[in-house]
Amino acid sequence: NAGVTQTPKFQVLKTGQSMTLQCAQDMNHNSMYWYRQDPGMGLRLIYYSASEGTTDKGEVPNGYNVSRLNKREFSLRLESAAPSQTSVYFCASSELAGGPIYADTQYFGPGTRLTVL
Amino acid sequence: AQSVAQPEDQVNVAEGNPLTVKCTYSVSGNPYLFWYVQYPNRGLQFLLKYITGDNLVKGSYGFEAEFNKSQTSFHLKKPSALVSDSALYFCAVKGAGSYQLTFGKGTKLSVIP
């Protein structure tokens with residue numbers, strides 16, 4: 001049981017390049033999330049998927065797109081990378097649908113450290 | 001809007017002493033509150049959460065947290081700190097009417113041998 005896995009672990013891009021960050025979970029969770037972590041700013045939600053087939057914007061969605069490929073996988077795409085997107089990206093998942101009446105625990109992957117030059 | 005404040009960027013404590021990491025929150029309605037820990041170059045690990053009921057919540061690795069509704073606080077505590085507790089700690093809140101979990105900026109805990 002690997003939990004939440006993310007690939008790649010490290011990536012360096014040039015401004016304007018595109019890439020996709022991959023995330024998979026093997027806990028049969030319904031909800032999945034993408035966060036970015038910047039020094040002194042905590043974690044900020046980029047996009048989330050409350051259940052398979054749905055995606056919604058979080059706090060900082062600009063410059064990103066997501067795909068919930070199936071129940072296990074949730075990818076984050078940068079179409080045209082910018083230096084402001086240099087960050088550590090975390091994927092997370094939770095068991096229940098991320099509805100407002102639930103306090104389900106989110107479980108995090110190890111992160112992808114992205115540098116945009 | 002919901003928010004979390006962790007007023008201390010860093011907390012230093014001697015090994016064996018009790019530790020407290022502070023957290024206050026703002027949310028509409030009843031809050032769901034969480035503590036996570038992050039070790040260097042690792043993802044976040046869940047420690048504990050408050051949903052309802054007993055104001056004192058016990059979690060992993062001997063940590064506990066006390067929910068105080070009147071002070072809108074959810075401070076993390078441990079009776080006797082270990083050097084291995086040194087890490088970055090995040091408080092997070094989710095309002096009962098919100099889909100999103102909002103994190104504080106984190107507090108770096110250093111336990112000195």
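Residues numbered from 1 in each chain as written. Chains lettered and ligands numbered in written order. Predicted model: local features only at pLDDT ≥ 70, side-chain atom pairs only at ≥ 80, totals over all residues. Heavy atoms only, no water.

All right, on to the interface of chain A and chain B then. In this complex, chain A contributes 25 residues to the contact, which on the side of chain B involves 24 residues. Counting each side, the surface lost to burial between chain A and chain B is near 1800 Å², with a carbon and sulfur contribution of 55%. Put simply, chain A and chain B have 4 residue pairs in polar contact (both at pLDDT 80 or more) between them. At the level of secondary structure, the elements contributing two or more residues to the side of chain A that touches chain B comprise β4 (31-37) and β5 (43-49) of chain A. The greatest single-element share of the side of chain A that touches chain B, amounting to 3 residues, is contributed by β5 of chain A. Class assignment for the residues of the side of chain A that touches chain B results in 12 nonpolar, 9 polar and 4 charged. (Contact = heavy atoms within 4.5 Å. Buried area = accessible area lost by both parts, 1.4 Å probe. Polar contact = N/O pair within 3.5 Å; in protein donor to acceptor, adjacent residues only side chain to side chain. Helix = DSSP H or I, 4+ residues; strand = E, 2+ residues; numbered from the N terminus. Nonpolar A, V, L, I, M, F, W, Y, C, P; charged D, E, K, R; others polar.)

One pass over the full model with this rule turns up 6 salt bridges over all chains. In this structure, the salt-bridge partner of Lys77 of chain B is Glu66 of chain B, at a minimum N-O distance of 3.4 Å. Here Lys77 of chain B is found in strand β9 (residues 73-78), whereas its partner Glu66 of chain B is found in strand β8 (residues 64-68), with 11 residues between them in sequence. Taking the shortest distance from any N to any O, the salt bridge between Asp85 of chain B and Lys78 of chain B comes out at 2.8 Å. Each member of the pair Asp85 of chain B and Lys78 of chain B is classed as buried. Among the charged side chains, a network of salt bridges with common partners joins Arg36, Asp38 and Arg44 of chain A. (Salt bridge = Lys/Arg side-chain N within 4 Å of Asp/Glu carboxyl O. Buried < 20%, exposed > 50% of the residue type's maximum accessible area, 1.4 Å probe, protein only.)

Residue and element names in this part refer to chain A. Along the polypeptide, Ser94 turns up in strand β9 (residues 87-94). The exposure class of Ser94 is buried, given its relative accessible area of 0%. A distance of 2.8 Å separates the side chain of Ser94 from the side chain of Tyr33, its partner in a polar contact. Apart from the residues within four sequence positions on either side, Ser94 is in contact with His29, Asn30, Ser31, Tyr33, Asp104, Thr105 and Gln106.

A cis amide bond, omega -5°, links Thr7 of chain A with the succeeding residue Pro8 of chain A. Note that Pro8 of chain A resides in the loop between β1 (4-7) and β2 (10-13). With a phi close to 60°, Asn41 of chain B is a non-glycine residue in the positive phi region. Its location among the elements puts Asn41 of chain B in the loop between β5 (31-38) and β6 (44-50). You can call Asn41 of chain B exposed: its relative accessible area is 67%. Despite not being glycine, Thr72 of chain B has its phi angle at roughly 45°, a positive value. Note that Thr72 of chain B resides in the loop between β8 and β9.

For the structure on display, the rule yields 15 aromatic pairs over all chains. Each ring, one from Tyr35 of chain A and one from Phe103 of chain B, has its centre 5.5 Å from the other, and the planes form 90°; the classification is edge-to-face. With Tyr35 of chain A in strand β4 and Phe103 of chain B in strand β11 (residues 102-103), the pair connects residues from two separate chains. A residue is classified by how much of its surface remains accessible, and Tyr35 of chain A, at 0% relative accessible area, is buried. When its relative accessible area of 6% is taken as the criterion, Phe103 of chain B is described as buried. Pairing Phe108 of chain A with Tyr36 of chain B gives two aromatic rings, centres 5.4 Å apart and planes at 80°, and the pair type is edge-to-face. (Phe/Tyr/Trp six-rings, centres within 6.5 Å; stacked < 30°, edge-to-face > 60°.)

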